[in-house]
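Each chain, written out:
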Amino acid sequence: VVFLDLEISLDPDSRCLTTRTYQKSMNLFLYIPPTSAHSPGVLKSIVYGNLQRFWKQNTHRIDFIRVAGQFAQHLIARGHHPDIVRELFLEVGTRLSRHPTPRDNVDLRKTLFFHWEYHPNGISRRDIRRAYTETCAEDSGFDFDRFVVAFSRAPNLRDALMPTRLSEPAGSRASDYFCALPELIDPKGH
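Parameters at a glance
Residues numbered from 1 in each chain as written. Predicted model: local features only at pLDDT ≥ 70, side-chain atom pairs only at ≥ 80, totals over all residues. Heavy atoms only, no water. Helix = DSSP H or I, 4+ residues; strand = E, 2+ residues; numbered from the N terminus. Buried < 20%, exposed > 50% of the residue type's maximum accessible area, 1.4 Å probe, protein only. Contact = heavy atoms within 4.5 Å. Pairing = 2+ DSSP bridges. Axes fitted to C-alpha atoms, helices over the stretch in contact; angles between N-to-C directions. Patch = residues over 30% accessible without salt bridge, like charges linked within 9 Å, V, L, I, M, F, W, Y side chains within 5 Å. Areas by Shrake-Rupley, 256 points an atom, 1.4 Å probe, with all protein chains shown as cover. Salt bridge = Lys/Arg side-chain N within 4 Å of Asp/Glu carboxyl O. Polar contact = N/O pair within 3.5 Å; in protein donor to acceptor, adjacent residues only side chain to side chain. Phe/Tyr/Trp six-rings, centres within 6.5 Å; stacked < 30°, edge-to-face > 60°. Core = buried A, V, L, I, M, F, W, Y, C linked by side-chain atoms within 4.5 Å. Parallel < 35°, antiparallel > 145°, perpendicular 65-115°, else oblique. Left-handed = near helix turned anticlockwise from the far one by under 90°. Nonpolar A, V, L, I, M, F, W, Y, C, P; charged D, E, K, R; others polar.

*Asks:* Which parts of the structure should I look at to understand the overall build of the protein chain?
*Replies:* Along its length, the protein chain carries six helices and five strands. Helices and strands in the protein chain line up, N terminus first, as β-β-β-α-α-α-β-α-β-α-α. Here the protein chain holds 190 residues, and 19% of them are scored as buried. Contacts in the protein chain between residues at least 24 apart in sequence constitute 61% of all its contacts with a sequence separation of at least 6.

*Asks:* Teacher, can you tell me more about the sheet that holds strand 2 (residues 6–11) here?
*Replies:* The strands that make up a sheet are held in pairs by hydrogen bonds between backbone atoms, and each pair lies either parallel or antiparallel. One open sheet accounts for three strands, arranged 1-2-3; its pairing is antiparallel. The open sheet terminates on both sides in strands that have one partner only, identified here as strand 1 (2–3) and strand 3 (16–21). Across the face of the sheet, helix 1 (residues 40–57) comes into contact with strand 2 and strand 3 while running at roughly 155° to strand 3.

*Asks:* What exactly am I supposed to notice about a nonpolar patch on the surface here?
*Replies:* Residues L157, L161 and M162 make up a contiguous nonpolar surface patch of about 380 Å² in total accessible area. Within the secondary structure layout, L161 lies in helix 5 (residues 157–161). When its relative accessible area of 67% is taken as the criterion, L161 is described as exposed.

*Asks:* Hey, could you run me through the side chain of N58 in this one?
*Replies:* You can see N58 is positioned in the loop between helix 1 and helix 2 (61–77). The exposure class assigned to N58 is buried, which follows from its relative accessible area of 8%. Within the structure, N58 has its side chain in polar contact with the side chain of T21 (distance 2.9 Å). Only 2.7 Å separates the side chain of N58 from the backbone oxygen of F54, close enough to count as a polar contact. Ignoring any residue separated from it by four or fewer positions in sequence, one finds N58 in contact with T19, R20, T21, D63, F64 and V67.

*Asks:* Sorry, what's going on with unusual backbone geometry here?
*Replies:* Most peptide bonds take the trans form, and the phi angle of most residues other than glycine is negative. For L4, which is not glycine, the phi dihedral falls at a positive 55°. Residue position: L4 is located in the loop between strand 1 and strand 2. With a relative accessible area of 69%, L4 lands in the exposed category. One non-glycine residue with positive phi stands out, namely F29, at about 50°. Relative to the helices and strands, F29 resides in the loop between strand 3 and helix 1. Overall, F29 belongs to the buried group, its relative accessible area being 13%.

*Asks:* Can you help me understand the packing of aromatic side chains in this one?
*Replies:* Two measures describe an aromatic ring pair: the distance that separates the ring centres and the angle between the ring planes. All chains considered together, the criterion is met by nine aromatic pairs. Consider the rings of W55 and F64, whose centres lie 5.0 Å apart with planes at 85°: the pair is edge-to-face. Among the residues examined, F64 registers a relative accessible area of 16% and is labelled buried. Ring geometry for F71 versus F89: centroids 5.7 Å apart, planes at 35°, classification tilted.

*Asks:* In this structure, what is going on with the nonpolar core? I would like to understand it.
*Replies:* Most often, soluble globular proteins keep nonpolar side chains buried together rather than apart. Counting residues in hydrophobic clusters, the biggest one holds 17 residues, and the most contacted among them are V47, L51, F54, F71, L75 and F89. If you list the elements that add at least two residues to this core, you get helix 1, helix 2 and helix 3 (82–98). Residue contributions to this core peak at six residues, all from helix 2. Core analysis: the second largest hydrophobic core is formed by seven residues, Y118, I128, Y132 and V149 among them.

*Asks:* Teacher, can you tell me more about the packing of helix 1 against helix 2 here?
*Replies:* The geometry of a pair of packed helices is captured by two quantities: the angle between their axes and the separation between those axes. Running from amino to carboxyl end, helix 1 crosses helix 2 at an angle of 160°, the nearest separation of the two axes being 9 Å. Relative to helix 2, helix 1 is oriented roughly antiparallel. Our pair here, helix 1 against helix 2, has a crossing hand that is right-handed. Together, L43, I46, V47, N50, L51, F54 and W55 of helix 1 and R61, F64, V67, A68, F71 and L75 of helix 2 make up the contact between the two elements. Residue composition of the contact of helix 1 with helix 2, by class: 11 nonpolar, one polar and one charged.

Shown next, in the form of structure tokens:
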């Protein structure tokens, strides 16, 4: 049976469930092209996320190798250089073999997030980390276990021409009714 992006079958010999990644034949695999103004970390996270998903979804190693190879070919077809794809796959494969599952015990209260709008000619993640390390040494009083640099994309024409957020007029927001709910239920405040 196929459920979303997973093909589940019952092995008649061992009577065990086996799974493998399912991809529609009409899927266009429109991953971000190398000419886009995305941060370099976005491609790395796409590769990491997909390979991790493929590793967890495929019972048999041959199925993982097949879908990972197809994924690499799709990235190359989008214009990414084969050497860059190969390097990312090796890096992610090494990382997944060391830490096969995400760290669940991370205390986000001990994590400092630095949010910055990405620009191709702007400051790099490495420079931000170096500045943090140089100015916020361990003896500086900061008590953070992790420092995360989070890039967001710059506003584009689509944001200006077709905003996806609806602006509701004052007095007709759902929160306005919710705040008035106690008065509607019990107008005398009993």
